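Chain and residue survey
Residue-level listing of the chains:
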Amino acid sequence: MELAGLFGVCFLICGAAIRLAMSLADWLGMLDRPCGHKQHEVSTPFVGGVGILAVLLSLFLVLDPLFGGFVVSPLQGILIGVLVLFLTGLADDIVHLSFKLRLVVQAMVALSMVFVGGVELLSFGELLPGWGFDLGWLSIPMTLFATVGLINAVNMIDGIDGLSGALSLVSLTLVGLVAFFAGQGAYLVLVVALIAGLAGFLYYNLRYPGNSRARVFLGDNGSMVLGFLFAWLFIALSQGDSPAMTPVTALWLFAVPLMDTVGVMLRRIWLRKSPFRADRHHLHHLFVRAGYRVCDVVAFAALAQLFLGLIGVGGLLLGVPEYLMFWLFLIVFGAYLLVILRPWRLVPGLRRINRALGLPSVQVRGIFVGYVRREKFPDLLGLIGERLEASSYDYQLSVYQVNSSATDGRNVYCVVHVPANGDERLIGKVQRDVSAIKKHLRRRHDVDVRLFMRRQDENDSRASALEDRTMDSSQRWHERRSVRSTLIYSMERGGGMMNGGGVAFEVSVPPVRES
C-alpha cells in the first residue's frame, strides 16, 4: 500500500510539474521547433526532464520523511549527477552544445558516481566458464565508458513520440522486479518513484485516442537524466558482495536501446562516417519508413524489450550460467546487426509484415476495389457508397478502365482517394471501411478490396533490387507499369478538397488479373 501511495503521489507531482513547465516553455525558450532531421510539425515543449527532476527532488526532500519507512538517504548522491545532467541537457536543448562538451560533462558525472556515490563497475561477471572478468585498475575507466554509453543510448533512442519513455518504463519495471526479489528496498522505492514519473510523462508524450501527437518531448534534459539513472541502477545492483543481479542481466534489461545504439554506430563506422553523426537509420525510423504508425512502432519496441528483459530475469531466477546468457545475448545482437545493416532490404520486409498483420499504414491514400466487368461497376459503386455514406471524411471516388487485352473482361477498378497525409486517426477509419467493404463484397470472390498505398521508391524492393531481378521478371514488371487506365467516372465529397497540388502523389495499383 505504501508503494502504491508513493506511485500515486509521484505520478501527480510529475504531471503537475510538466503542466506548469508547458505553460512557461515559450517564455523560457524551451521549445523544440521543427528543423533539419526532426519530423514533428509544430513547436513542442521539451520539458519531460522537469517532471523526472521534480519526482526525484520530492522523493529525497519531501516524501522520505513523509512516508518514513522508506530508507532512501544512501541514494542522495544521485542528485549531484541528476542536477548537472539536467542543466547540461537543458542547455543543449536550447543552444545545442557540441558533443565533445557533452561527453566531458557526462564523464565528470560518472566520476562523481564513483567517488561520491560509491557506485563502481568492478566486474563483468563470468563471461567464460570458470573465468570471472574482474576489472581491477580498469574499473574506473569502464565505469565511465558504461555510464556515458547508457546516457547516450537513451538520448539516441528518443526519436519518435513515446518511444524512449515506453522503453524506459518497461526496463524500470523489470529492474523493480529484480530489486523486489533481491530485497533491495531502497532501490525498489527509487524505481517505483521513477516508474510513476515516467507514467506521468507518457500521459503527455504517448499517442493515444484523444492525444494524436506528443504534447511534450523528453528533451536532452530528460533523456540524459534517465540514462544516468539506468547506469547507477545497473551498476549498483550488479556489483558488490551481495548483488541483486549479474552484470549480464543488465544487458537484457536494456537490450533494445543498447542494440539499437551500438548497431547504428557500427553501421556508421562501416560506412566511414562519424558514429556521432545523426541520421534516420535507427530501427524505429525504419519502421516509420515502412509505413508503421508511431503508436504501433512504440508497441512493438516495448513488447520486444519486455520479451528480451524477461529472458534476462528468467535466466537470473533460474540460475542459468552467466556465460550462457552472455553468448546468447551476443547471438541476438549479431542477428539484429545483420538485419539493420541493409535497410533497403529490411524496409520492404517490414511492409510485408505490416500488411500480413492487417495494421494501418501511414502510406495509406485510400481504398482500391477491383477488378470487375464494366456493366457490373454501377452495382459495385452502390455497395461502396453505402459504406462511405456513413464516413465523416472527405474523399474522391474514381473509376478506371484498363486498356489491356490481357484480361477476361474484368478490366474496371475503383479508387477512393482519401487525403490522409499520415493522419493516424483518419487512416484507422479508412482501415475499418476497407474491412466493412470486404464484408459487403464477401460473396464476390473475384473482387479484390485493399488499402490504396502511396508508392515510395526509397528502400523499395522493386527499385533497390533491380540488379538481383532476372530478365523475365524485370520485363514483366515494366510491362505491368506500362498498362494505361482511362477515367470513366469520378465524384467527390468535400467541396473540392482534391483540387490543386494537394493530391500529387504516386500510387501502386495491383496488377490486372490475366485470363
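All values reported here derive from a predicted model rather than from experimental measurement.

Thoughts on the overall build of the chain
Looking only at helices and strands, the chain has 18 helices and 10 strands in total. Sorting the 515 residues of the chain into buried and exposed places 50% on the buried side. In the chain, the proportion of contacts linking residues at least 24 apart, taken out of those at least 6 apart, comes to 75%.

Let's talk about the environment of Leu-397
Checked against the element boundaries, Leu-397 lands in strand S6 (residues 395-402). Take Leu-397: its relative accessible area is 4%, and that puts it in the buried class. For the pair formed by Leu-397 and Val-418, sequence separation is 21 residues and the distance between their alpha carbons is 8.9 Å. Those residues in contact with Leu-397, other than ones at most four positions away along the chain, are Leu-381, Ile-384, Leu-388, Cys-414, Val-415, Val-416, Tyr-489, Ser-490 and Met-491.

Details of a nonpolar patch on the surface
A cluster of nonpolar side chains, contributed by Phe-7, Phe-11, Leu-12, Tyr-203 and Tyr-208, occupies part of the molecular surface with about 470 Å² of accessible area. Among the elements that make up the nonpolar patch, the one with the highest residue count is helix H1 (residues 2-28) (three residues). In this structure, Tyr-208 sits in the loop between helix H7 (185-205) and helix H8 (219-238).

As for the nonpolar core
Counting residues in hydrophobic clusters, the biggest one holds 78 residues, and the most contacted among them are Val-47, Leu-56, Leu-190, Phe-228 and Phe-234. Looking at this core element by element, the count peaks at 14 residues for H7. Residues Leu-286, Tyr-292, Phe-333 and Leu-337 belong to the second largest nonpolar core, which totals 31 residues.

Here's the deal with the side chain of Asp-220
Checked against the element boundaries, Asp-220 lands in helix H8. Among the polar contacts made by the side chain of Asp-220, one reaches the side chain of Asn-155 at a distance of 3.4 Å. When neighbours within four sequence positions are excluded, Asp-220 is seen to be in contact with Gly-89, Asp-92, Asp-93 and Asn-155.

Some details on the pairing of strand S3 (residues 123-128)
Across three bridges, the pairing between S3 and strand S4 (residues 131-134) is antiparallel. Note on S4: the bridge partner recorded for Leu-128 is Trp-131. Turn length for the S3-S4 hairpin, with the two strands adjacent in sequence and antiparallel, is two residues, and the turn residue Gly-130 shows positive phi of about 70°.

Considering the packing of helix H3 (residues 78-95) against helix H4 (residues 99-115)
The geometry of a pair of packed helices is captured by two quantities: the angle between their axes and the separation between those axes. Axis separation between H3 and H4 bottoms out at 9 Å; the angle between their running directions is 170°. By the angle between their directions, the pair H3 and H4 is classed as roughly antiparallel. Taken together, the residues of H4 that come into contact with H3 (itself represented by Ile-80, Gly-81, Val-84, Leu-85, Thr-88 and Asp-92) are Arg-102, Val-105, Gln-106, Val-109 and Ser-112. Residues of the contact of H3 with H4, tallied by class, amount to five nonpolar, four polar and two charged.

What counts, and at which threshold
Residues numbered from 1 in each chain as written. Predicted model: local features only at pLDDT ≥ 70, side-chain atom pairs only at ≥ 80, totals over all residues. Heavy atoms only, no water. Helix = DSSP H or I, 4+ residues; strand = E, 2+ residues; numbered from the N terminus. Buried < 20%, exposed > 50% of the residue type's maximum accessible area, 1.4 Å probe, protein only. Contact = heavy atoms within 4.5 Å. Patch = residues over 30% accessible without salt bridge, like charges linked within 9 Å, V, L, I, M, F, W, Y side chains within 5 Å. Areas by Shrake-Rupley, 256 points an atom, 1.4 Å probe, with all protein chains shown as cover. Salt bridge = Lys/Arg side-chain N within 4 Å of Asp/Glu carboxyl O. Core = buried A, V, L, I, M, F, W, Y, C linked by side-chain atoms within 4.5 Å. Polar contact = N/O pair within 3.5 Å; in protein donor to acceptor, adjacent residues only side chain to side chain. Pairing = 2+ DSSP bridges. Axes fitted to C-alpha atoms, helices over the stretch in contact; angles between N-to-C directions. Parallel < 35°, antiparallel > 145°, perpendicular 65-115°, else oblique. Nonpolar A, V, L, I, M, F, W, Y, C, P; charged D, E, K, R; others polar.

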